[in-house]
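A closer look at the structure
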Amino acid sequence: MSSKQTIVAISTPIGVGGISIIRISGSKTLNILEKVAKSTLAPTKWTPRQLYNCQIKASQYIENGMCVFFKAPFSYTGEDSAEFHIHGSPAIAEGVVRATIEAGAVPAGRGEFTMRAFLNGKMDLTQAEGVADLINSETDAQIKSAQSLVSGGLFGKITQIQDKIKKILAKIEASIDYPEEDIEEVTSNEAKIVIKDLQKTVGELLATYNTGRFVRNGVRVAIVGKPNVGKSTLFNALLGHNRSIVNERAGTTRDTVEDSFLHKNVKFLLIDTAGLRKTADEIEAEGINRSFEAVKGANIVIELGSREQGIGSIGIGEMPEGKEWTEELDGRRIVVLNKCDLLDPNHPLPSTPYPLLPISAKTGQNIDNLKDLLYQKTIATENIPAVMLTNARQHSATLEASEALLRAYTALDSTLDCVSIELLSAYKALGTITGKIATDDIVKQIFEDFCVGK
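Residues numbered from 1 in each chain as written. Predicted model: local features only at pLDDT ≥ 70, side-chain atom pairs only at ≥ 80, totals over all residues. Heavy atoms only, no water.

1. Comments concerning the sheet that holds strand β5 (residues 61-70)
The condition that has to hold: At least two bridges found by DSSP between two strands are what make those strands a pair. Counting from the N terminus, the helices are DSSP H or I runs at least four residues long and the strands are E runs at least two residues long. The contact criterion used throughout is that any non-hydrogen atoms of two residues lie within 4.5 Å. The angle between two axes is taken between their N-to-C directions and runs from 0 to 180 degrees, where each axis is a line fitted to C-alpha atoms and a helix contributes only its stretch in contact.
Strand order in this open sheet of 7 strands is β3-β4-β5-β6-β2-β1-β7, and the pairing throughout is mixed. Two strands close off the open sheet at either side, each with one partner strand: β3 (37-38) and β7 (106-107). As paired strands, strand β1 (residues 7-10) and strand β2 (residues 17-25) are joined by 4 bridges and run antiparallel to one another. Paired with Ile7 across the bridge in β2 is Ser25. Most of the contacts of helix α3 (residues 112-119) go to β1, to which it runs at about 135°, and overall it touches β1 and β2.

2. Overview of the pattern of salt bridges
Opposite charge on two side chains lets them pair, provided their charged atoms get close. To be explicit about the condition: In what follows, salt bridge is the name for a side-chain nitrogen of Lys or Arg lying within 4 Å of a carboxyl oxygen of Asp or Glu. Any residue under 20% of the maximum accessible area for its type is buried, any over 50% is exposed, and the rest in between are partly exposed; the area is computed with a 1.4 Å probe on protein chains only.
Scanning the model with the defined rule gives 15 salt bridges in all. Here Arg116 ties to Glu79 by a salt bridge, and the two come within 3.1 Å at their closest N and O atoms. Remark: Glu79 occurs in the loop between β5 and β6 (81-88) and Arg116 occurs in helix α3; sequence separation between them is 37 residues. Side by side, Arg116 and Glu79 carry an identical accessibility label, which is buried. For the salt bridge of Lys200 with Glu204, the shortest nitrogen-to-oxygen distance reads 2.7 Å. Within this pair, Lys200 and its partner Glu204 are both found in helix α7 (residues 184-206), separated by 4 residues, close to a single helical turn. We classify Glu204 as partly exposed; its relative accessible area is 43%. Beyond isolated ion pairs, a larger network of salt bridges with shared partners links Glu79, Glu112 and Arg116.

3. As for helix α2 (residues 90-102)
This is how the line gets drawn: Multiplying 1.5 Å by the helix residue count minus one yields the expected span of that helix.
Here α2 contains 13 residues, and its C-alpha end-to-end distance of 18 Å stays within 8% of the 18 Å for a straight helix at 1.5 Å per residue. Listing the buried residues of α2 in full gives Ile92, Ala93, Gly95, Val96, Val97, Ala99 and Thr100. Those residues of α2 that are buried lie in contact with β1, β2, α1 (29-36), β4 (52-58), β5 and β6. Once α2 finishes, Gly104 follows within two positions and takes phi at roughly 125°, a positive value.

4. Structural notes on the packing of aromatic side chains
Quick note on the threshold: What counts as a ring pair is set by centres within 6.5 Å for rings of Phe, Tyr and Trp (its six-membered ring), and what kind of pair is set by the plane angle: stacked under 30 degrees, edge-to-face over 60, tilted for all other angles. We call a charge positioned over a ring when the NZ of a Lys or the CZ of an Arg lies within 6 Å of the ring centre and within 35 degrees of the ring normal.
Taken as a whole, this structure holds 2 aromatic pairs when the rule is applied. Each ring, one from Trp46 and one from Tyr52, has its centre 4.9 Å from the other, and the planes form 10°; the classification is stacked. A relative accessible area of 5% places Trp46 in the buried class. With a relative accessible area of 11%, Tyr52 lands in the buried category. With a centroid separation of 5.3 Å and 15° between ring planes, the pair formed by Phe261 and Phe268 is classed as stacked. In this structure, Phe261 and Phe268 share a single accessibility class: buried. Seen from the ring of Tyr409, Lys196 lies directly overhead, with NZ or CZ sitting 5.0 Å from the centre. Over the face of the ring belonging to Tyr375 we find Lys264, whose NZ or CZ atom lies 5.1 Å from the ring centre.

5. Here we look at the packing of helix α12 (residues 392-411) against helix α13 (residues 416-434)
Stated precisely, the cut-off is as follows: Oblique is the label for any angle not under 35 degrees, not over 145, and not in the 65 to 115 range, which are roughly parallel, roughly antiparallel and roughly perpendicular in turn. Crossing handedness follows the turn of the near helix against the far one: under a right angle anticlockwise gives a left-handed crossing, and clockwise gives a right-handed one. Polar here means any residue other than Ala, Val, Leu, Ile, Met, Phe, Trp, Tyr, Cys and Pro, which are nonpolar, and Asp, Glu, Lys and Arg, which are charged; Gly is therefore polar.
Interaxial distance between α12 and α13 falls to 8 Å at its minimum, and their mutual angle equals 170°. One finds that α12 runs roughly antiparallel with respect to α13. The two elements α12 and α13 cross, and the hand of that crossing is left-handed. On α13, the residues that touch Arg393, Gln394, Ala397, Thr398, Glu400, Ala401, Ala404, Leu405, Arg407, Ala408 and Ala411 of α12 are Cys418, Val419, Glu422, Leu423, Ser425, Ala426, Ala429, Leu430, Thr432 and Ile433. Of the residues that constitute the contact of α12 with α13, the class distribution is 13 nonpolar, 4 polar and 4 charged.

6. A short note on the pairing of β2
Between β1 and β2, which pair antiparallel in sequence order, lie 6 residues; one of them, Gly15, sits at a positive phi of approximately 140°. Pairing of β2 with β6, which is carried by 8 bridges, proceeds in the antiparallel orientation. Bridge pairing links Ile22 to Phe84 in β6.

From the geometry alone we can't say anything about function, so treat these as descriptive.
Take a look at the structure:
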């Protein structure tokens, strides 16, 4: 990707539709418009951000459409840019793209318009990530999360934390550079309070990650258990329609089946799996192996048993060779006892060492309670935070900052030089989230907020 080139791409989905939009951006934009778009007014005289009716060169033919020019820096990318609004034929769209390339443009790379917006200071990295999330959003919660990023919610939060780090770091640097001022003790006492508060703020931000990633990516839920406990019936009941084949014969599910449902604006990705047992059938055995792979990649595992078959039906049964049911699963499991409609409802539930939810996938008994339990075990809050960490990059950088703050607090008992180093590490780690790392800010802060040499 080169910011010196003028780029072009189709911005609307490929396929037949009412309109297609072609976007170009770069220093040659006006020159390309003059070659490709003919209007009653020359493109050089167009009023920016105003649509003009044009005859647009589309390879071997002329397309009647609309054009708009955006003058730098008042555009999405911060560069001169333009859009062609044309009829929604893929052939016409490709023809217009070819015409712009012949006029001096080059095909844009993936995400290059947004990358240029970042490079030109139109947005930070979190906002750029928000743009991608907004495009891919499927639920109201995902839209709100993405809009928070695009509007600068996370950027503002990170900047606030960095500003606090800069202020205390400026004072610490001043006390190191000007020891004759005799201010180290005062700075150390103040630093303890400030760093402790910073640890709390960063910790609270870290705590939003699970909710943020589940809102952004959805929650993967694997349903596992022995044959004939009702996994496929439960799968269909949670979805609200028949997706998996249900049959009394054991071993009918030979592969994983996936579909999704929404609950409280969160997307849950369900995985129906083959019944877990030893089998000589190679196809069924492969399905069982895939069941274990589904468990490994799931955020939540519904371990399903059948009251009809007794408490012994709960569990995964005998392991295929080389497979282990690790203790780590315990934090992700929900144990469910199915077919409770077949026995006396007054009959007490069996005694188990783990919490047990009785359901009937056939009648719908407690299915809504199971959905609530899935939500509570992952989202863990009724009020989804307005500002959240939503991806691994943001989480990793915030965790790095948290660890640096812990080291800074510990170093207060030894030397301020070490405190300064760790605070700077925390500042830089947070800066990688937004893409704004500038140690010169700290130097400037010393002279603005701290009086030295009086």
